[in-house]
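In case you want the letters, here they are:
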Amino acid sequence: MHEMLTLEQALAQNLSDAAPEVATALIDTIGAIAQACARISDLAGQGMLAGAHGLADSANSQGEAQKKLDVLSDELMSHHLDGCRHVAGWASEEHECHLLSKQHARKGRYLVVYDPLDGSSNIEANISIGTIFSVLPHVYSGMLPTDSSYMQPGHEQLVAGYVLYGPATIMVLSCRRGVLMFTLDKRSGAHGEPMRWLLTQEAVQIPAHTKEFAINASNQRFWEKPVQRYIAECVAGENGPRMKDFNMRWVASMVAEVHRIMTRGGVFMYPRDTREPRKPGRLRLMYEAAPMAMLVEQAGGRAVNGTSELLDLIPDTLHQRVPVILGSREEIDRIVSYHADPHENVSWQLFKTRSLFVQPQA
Ligand code: F6P
Ligand code: MN
């Protein structure tokens, strides 16, 4: 087998067209996130032996009960970002407010947003979980970041990525120059050395066609008409208008669902539903939807809320939720066309790039 590139080597190659100081700063920042994720991987991999299973005695910014591993993963991310001189501050799904770097809040050129532990309902079941992250420019570098520093549309992201803690630990990332996949070498890191990530795939592409979809079908009665129609047609299979059978998957860890789509195509949806009218979706725009949208688009797929590209949405608040529909391009084009159909009577066509919905208080 030929020698594999390390994370640093692969990124240096991927960013060879960037100014050298930009490439260095991005590589350092991704390196800090990668080391945090290597430690989360170790904790997750120890299962009950790490004492990290079960509930923490706390709730997150949205009032959801936190698991111990949510809290520990968040602390590891914070710790490693605080040690990176390019990072001015960060915002986490687990914190109500954004946080400032102790030493680099004014000088840092980047902001990082992340979901430290995605799919945490799966922890005790020993099913894949993940971390999702995104690096944004700190536009007014030199000044302290504020909430509004983070209100940037997804297409401003400099880096988007996720780490999947499954049988192997895999990091998938994009610096807007295609999608790279790395595997954590779990044999590395002896004697306090940093853990090694090796490039295992590049130029990742999502097939445009698919016969596989993922949706939490228990919410069916709350879906809007275009989604009802799309899923009904998939389920009708060979006997329906699609004239082919579809397969369904639901892991309940977004990272695992997106990774499956990265490896063999498919559609993932957590669409708008009418369960709680003040919540326009389940997933968070900044921590989940925007980074995944950038990765999917960079791999040739498409990511929308039904009517607009997810990368065009400008957040109103740090914890804003949005509908998410992403995956193989041909299927997403079809779902968008169902939303655009005037006969489908979508009440929220008016809500284009800005959400007019008020976020619920925790
Ligand atoms: O972070 C939210 C999340 O756990 C996603 O990872 C996952 O796709 C979804 O929620 C699962 O939702 P549900 O509990 O409705 O299946
Ligand atoms: Mn999540």
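The structure displayed is predicted, hence computed values, not measured ones.

A. Broad picture of the coordination of the manganese ion (ligand 2). Those donors, Asp115 (OD), Asp118 (OD) and Glu288 (OE), are the protein atoms that reach the manganese ion (ligand 2), and they lie 2.0 to 2.2 Å from it. Counting residues between consecutive donors of the manganese ion (ligand 2) along the chain gives the motif D-x2-D-x169-E.

B. Spotlight on the domain arrangement of the chain. For the chain, the domain assignment lists domain 1 (7-201) and domain 2 (212-339). Its C-alpha centre places domain 1 at a distance of 24 Å from the equivalent point of domain 2. Across the contact, 51 residues belong to domain 1 and 32 residues belong to domain 2. A buried area of about 2900 Å², summed over both sides, lies between domain 1 and domain 2, and 65% of it is on carbon and sulfur atoms. Put simply, arginine 321 and glutamate 64 hold a salt bridge, and the shortest N to O gap is 3.4 Å. Every element with two or more residues in the side of domain 1 that touches domain 2 is listed here: β3 (87-92), β5 (110-118), β6 (129-137), β7 (159-165) and β8 (169-174). At seven residues, β6 tops the list of elements feeding residues into the side of domain 1 that touches domain 2.

C. Molecular detail of the site of ligand 1. Close to ligand 1 lie Asp118, Gly119, Asn216, Trp250, Ala252, Ser253, Met254, Phe268, Tyr270, Arg282, Leu283 and Glu288. Within the backbone of methionine 254, a nitrogen or oxygen atom sits 2.7 Å from an oxygen atom of ligand 1. Measuring from an oxygen atom of ligand 1, one finds a side-chain N or O atom of arginine 282 at 3.2 Å. When isolated, ligand 1 has an accessible area of 400 Å², and the protein chains bury 84% of it. One can see that ligand 1 is located within the largest pocket. Looking at the shell around ligand 1 residue by residue, the classes come out as six nonpolar, three polar and three charged.

Rules and cut-offs
- Within each chain, residues carry numbers counting from 1 in the order of the written sequence.
- A letter from A marks each chain and a number from 1 marks each ligand, given out in the order of writing.
- Local features in this predicted model are restricted to residues of pLDDT 70 or higher, and side-chain atom pairs are both shown and tallied only at a pLDDT of 80 or more, whereas totals for entire chains, interfaces and linings draw on every residue.
- The side-chain numbers reported here are obtained from all heavy atoms of the structure, hydrogens and water having been left aside.
- A 2.8 Å cut-off from the metal defines N, O and S donors, relaxed to 3.2 Å for Na, K and Ca; water is not in the atom list, so some sites may appear incomplete.
- Segmentation of the chain into domains, including their bounds, is taken from an automatic or database domain assignment.
- A contact between two residues is defined here by any heavy atoms of the two lying within 4.5 Å.
- Summed over both partners, buried area is the accessible surface (1.4 Å probe) that two parts give up on being assembled.
- For salt bridges, the criterion is a side-chain nitrogen of Lys or Arg within 4 Å of an Asp or Glu carboxyl oxygen.
- Put simply, DSSP marks the helices as runs of H or I at least four residues long and the strands as runs of E at least two long, and each gets a number from the N terminus on.
- Any residue with a heavy atom lying within 4 Å of a molecule or strand is counted as near it.
- Whenever a nitrogen or oxygen atom comes within 3.5 Å of another N or O atom, the pair is scored as a polar contact, on the condition that within protein one atom can donate a hydrogen and the other can accept it, and that pairs from neighbouring residues in sequence are kept only if both atoms are in side chains.
- The Shrake-Rupley method, run with a 1.4 Å probe sphere, supplies the accessible areas, and residue values consider only the shown protein chains as cover.
- Cavities and pockets are found on a 1 Å grid laid over the protein atoms alone: a cavity is a set of points where a 1.4 Å probe fits but cannot escape, a pocket is an open set with protein on both sides within 12 Å along at least five of seven lines, and a lining residue has an atom within 4 Å of such a point.
- To qualify as sitting in a cavity or pocket, a molecule needs more than half of its atoms within 2 Å of the grid points.
- Here the nonpolar group is Ala, Val, Leu, Ile, Met, Phe, Trp, Tyr, Cys and Pro; Asp, Glu, Lys and Arg are the charged ones; every other residue, Gly included, is treated as polar.

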